[in-house]
Amino acid sequence: MTKIAIVTGSSRGLGRNTALNIARQGSDVVVTYHSQADAALAVVAEVEALGRKAVALQLDAGNVTTFPAFVERLRQALRDTWQRDSFDHLVNNAGHGDMASIAETSEAQFDALVNVHFKGVFFLTQALLPLMADGGRIVNISSGLTRISYPGFAAYSAVKGAVEVLSVYLAKELGSRGIAVNTVAPGAIETDFLGGAVRDLPDLNKVFADMTTLGRVGVPGDIGPMIASLLGEENRWINAQRIEVSGGQTI
Ligand SMILES: NC(=O)c1ccc[n+]([C@@H]2O[C@H](COP(=O)([O-])OP(=O)(O)OC[C@H]3O[C@@H](n4cnc5c(N)ncnc54)[C@H](OP(=O)(O)O)[C@@H]3O)[C@@H](O)[C@H]2O)c1
């Protein structure tokens, strides 16, 4: 049976590239977006052009009160498009960047990062587990910034660190269902993240390129195929791992 993967935040950036590579690998995709419905529909069209099925669903990953309605929309989409009541793979990717020193981080900035990148991942996964098929996979997206420190990313990196710990506990608790859970930690990637800062600010781009053994920052195509491969049958025995995909950032 064709596998179905949910990739949160797949209207743009790393999530979009991941969704397309999952489709190239032969699976169908549930694309989620926060505000950019048109971008999500464009990804659906690209997946369909690859010969796979896709739907786009709105998700606010930072607001747990919206999750029951999201799960209902997902159930409906699974029934209508796949005549199924389950899906196979979950990639928790949705998120935003925010940069402030510890001294200047506001409670609102902190709460938004916690809500989207940690609380949201925890409770969305909890809400989706009853719909996930046994033998499924979960990939949580963290960041290279949990291993190295860069001023301005304290709150962001701390919540990503929490997700890494959560991944190991998910793997432990879900092993009896045959569900493997891993974390992918990308280095600096040229996307819209942080207002496109890594892509559009030459000085910042150079800082991260200089930290990177392969001599440049990453692009979405450096990450998406790797995440998709973690969902493939050939990588079924990888479990409870944090895999950094950064071209060798600060080694
Ligand atoms: N880029 C990097 O350097 C880098 C490095 C390490 C880790 N990461 C992580 O990689 C993931 C993807 O980042 P990216 O670089 O691809 O960013 P991006 O290009 O800005 O894309 C962000 C995606 O997440 C969605 N999103 C944002 N806030 C959301 C929310 N509150 N609820 C639901 N969806 C939301 C966006 O939806 P809309 O299009 O509808 O707005 C979009 O699809 C994030 O978890 C980020 O922390 C990024």
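Scoring rules and cut-offs
- The numbers attached to residues start from 1 for each chain and follow its sequence in the written order.
- Reporting of local features is limited, given that this is a predicted model, to residues whose pLDDT is at least 70; pairs of side-chain atoms are given and counted only at 80 or more, and all residues count toward the totals for whole chains, interfaces and linings.
- Excluded from the side-chain calculations are hydrogens and water; all other atoms, namely the structure's heavy atoms, are used.
- UniProt positions are given in the numbering used here, feature names are shortened, and annotations may be inferred rather than shown by experiment.
- Only strands joined by at least two bridges in the DSSP assignment are considered to pair.
- Strands here are runs of E lasting at least two residues and helices are runs of H or I lasting at least four, both read from the DSSP assignment and numbered beginning at the N terminus.
- Whether a crossover is right-handed depends on one test, that the path from the first strand over the helix to the second runs clockwise when the strands point away from the viewer.
- Any residue with a heavy atom positioned within 4 Å of a molecule or strand is treated as near that molecule or strand.
- Here a polar contact means two N or O atoms within 3.5 Å. Within protein one must be a hydrogen donor candidate and the other an acceptor candidate, and residues neighboring in sequence count only if both atoms are side-chain atoms.
- Areas reported here follow the Shrake-Rupley algorithm with a probe of radius 1.4 Å; residue values treat only the protein chains shown as occluding.
- A pocket here means an open set of points on a 1 Å grid, computed over the protein atoms alone, that has protein on both sides within 12 Å along at least five of seven lines. A cavity is instead a set of points where a 1.4 Å probe fits but cannot get out; residues with an atom within 4 Å of a point line either one.
- Any molecule with more than half of its atoms within 2 Å of a cavity's or pocket's grid points is counted as sitting in it.
- Think of it as three bins: nonpolar holds Ala, Val, Leu, Ile, Met, Phe, Trp, Tyr, Cys and Pro, charged holds Asp, Glu, Lys and Arg, and polar takes everything else, Gly as well.
- Buried Ala, Val, Leu, Ile, Met, Phe, Trp, Tyr and Cys residues form a nonpolar core when they are joined through side-chain atoms within 4.5 Å.
- Each residue is placed in one exposure class: buried if its accessible area under a 1.4 Å probe, protein chains only, is under 20% of its type's maximum, exposed if it is over 50%, and partly exposed if it falls in between.
- Contact definition: two residues touch when any of their heavy atoms are within 4.5 Å.
- We call Phe, Tyr and Trp rings a pair once their centres come within 6.5 Å, taking the six-membered ring for Trp, and we label the pair stacked below 30 degrees between planes, edge-to-face above 60, and tilted otherwise.
- Note on geometry: axes are C-alpha line fits, over the in-contact stretch for helices, and angles between N-to-C directions span 0 to 180 degrees.
- Angle categories are assigned with fixed cut-offs, so that under 35 degrees is roughly parallel, over 145 is roughly antiparallel, 65 to 115 is roughly perpendicular, and the rest are oblique.
- Grid points are joined across faces, edges and corners, and a volume is the space filled by probe spheres set on the points.

Per an unreviewed UniProt entry, the recorded name for the chain is NAD(P)-dependent dehydrogenase, short-chain alcohol dehydrogenase family, and the organism is Ectopseudomonas composti. UniProt lists a comment for the chain under the heading Sequence similarities (unreviewed entry), and it reads "Belongs to the short-chain dehydrogenases/reductases (SDR) family."

> Sorry, what's going on with the pairing of strand β3 (residues 54-58) here?
Where a strand is regular, its side chains alternate between the two sheet faces. Note: strand β2 (residues 28-33) against β3, five bridges, orientation parallel. Among the inter-strand pairings, V30 is bridged to a residue of β3, identified as V55. With helix α2 (residues 37-49) bridging β2 and the parallel β3, this β-α-β connection has right-handed handedness.

> Before we go on, may I ask you to explain the site of the ligand in this structure?
Taken together, 30 residues lie near the ligand, and S11, S35, N93, Y156 and T191 sit nearest. Within the side chain of R12, a nitrogen or oxygen atom sits 2.7 Å from an oxygen atom of the ligand. Compared with its free state, where it exposes 910 Å², the ligand has 95% of that area covered by protein. Applying the majority rule of atoms within 2 Å of the grid points places the ligand in the largest pocket. Residue assignment for the shell around the ligand shows that the elements contributing at least two residues are α1 (13-24), α4 (107-128) and α5 (154-174). Residues of the shell around the ligand, tallied by class, amount to twelve nonpolar, 14 polar and four charged.

> Before we go on, may I ask you to explain the UniProt feature "domain: Ketoreductase" (unreviewed entry) in the chain in this structure?
In the numbering used here, UniProt assigns the "domain: Ketoreductase" (unreviewed entry) feature to residues 3-192. For residues 3-192, the helix share is 44%, the strand share is 20%, and the end-to-end C-alpha distance is 29 Å.

> Mind showing me how you'd approach the nonpolar core here?
Most often, soluble globular proteins have nonpolar side chains that are buried together. In terms of nonpolar packing, the biggest core is built from 32 residues, with V30, L74, F87, L128 and I138 touching the most fellow members. Only β1 (4-7), β3, α3 (67-82), β4 (87-92), α4, β5 (132-141) and α5 provide two or more residues apiece to this core. The biggest single contributor to this core is α3, with seven residues. Sequence-distant contacts of L74, defined by excluding residues within four places in its chain, comprise I6, V30, L57, F87, L128 and L131. Grouped together as the second largest cluster of nonpolar side chains are 27 residues, A5, A40, V44 and V184 included.

> What am I meant to see in the packing of aromatic side chains here?
Given two aromatic rings, their pairing is described by the distance between the two centres and the angle made by the two planes. Scanning all chains against the criterion turns up five aromatic pairs. When the centroid spacing of 4.9 Å and the interplanar angle of 55° are considered together, the rings of F122 and F123 count as tilted. Given a relative accessible area of 35%, F122 falls into the partly exposed group. Seen from their ring centres, Y156 and F193 are 5.5 Å apart, and the 55° between their planes marks the pair as tilted.

> Just checking my understanding: could you explain the packing of helix α6 (residues 193-200) against helix α7 (residues 202-210) for this structure?
For any two helices packed against each other, one specifies the inter-axial angle together with the distance between the axes. Axis separation between α6 and α7 bottoms out at 6 Å; the angle between their running directions is 70°. By the angle between their axes, α6 is roughly perpendicular relative to α7. Here A197, V198, R199 and D200 of α6 come into contact with α7, specifically with P202, L204, N205 and F208.

> How should I be thinking about the layout of surface pockets in this particular structure?
Empty space among the atoms becomes visible once a probe the size of a water molecule is rolled across them. Put simply, the largest pocket is a space of about 860 Å³. Around the largest pocket, the lining is made up of 43 residues, and of these N93, A94, G95, H96 and F193 lie nearest the centre. When residues of the lining of the largest pocket are traced back to their parent elements, those giving at least two are α1, β2, α4, α5, α6 and α7. A total of four residues in the lining of the largest pocket trace back to one element, the largest contributor, which is α6. In this structure, the second largest pocket spans a volume of roughly 160 Å³. F122, T125, Q126, L129, L166, Y169, L170, E173 and L174 are the residues that line the second largest pocket. Mapped by element, the contributors of at least two residues to the lining of the second largest pocket are α4 and α5. Counting residues per element, the lining of the second largest pocket draws most heavily on α5, which supplies five residues. Of the residues contributing to the lining of the second largest pocket, the split by class is six nonpolar, two polar and one charged.

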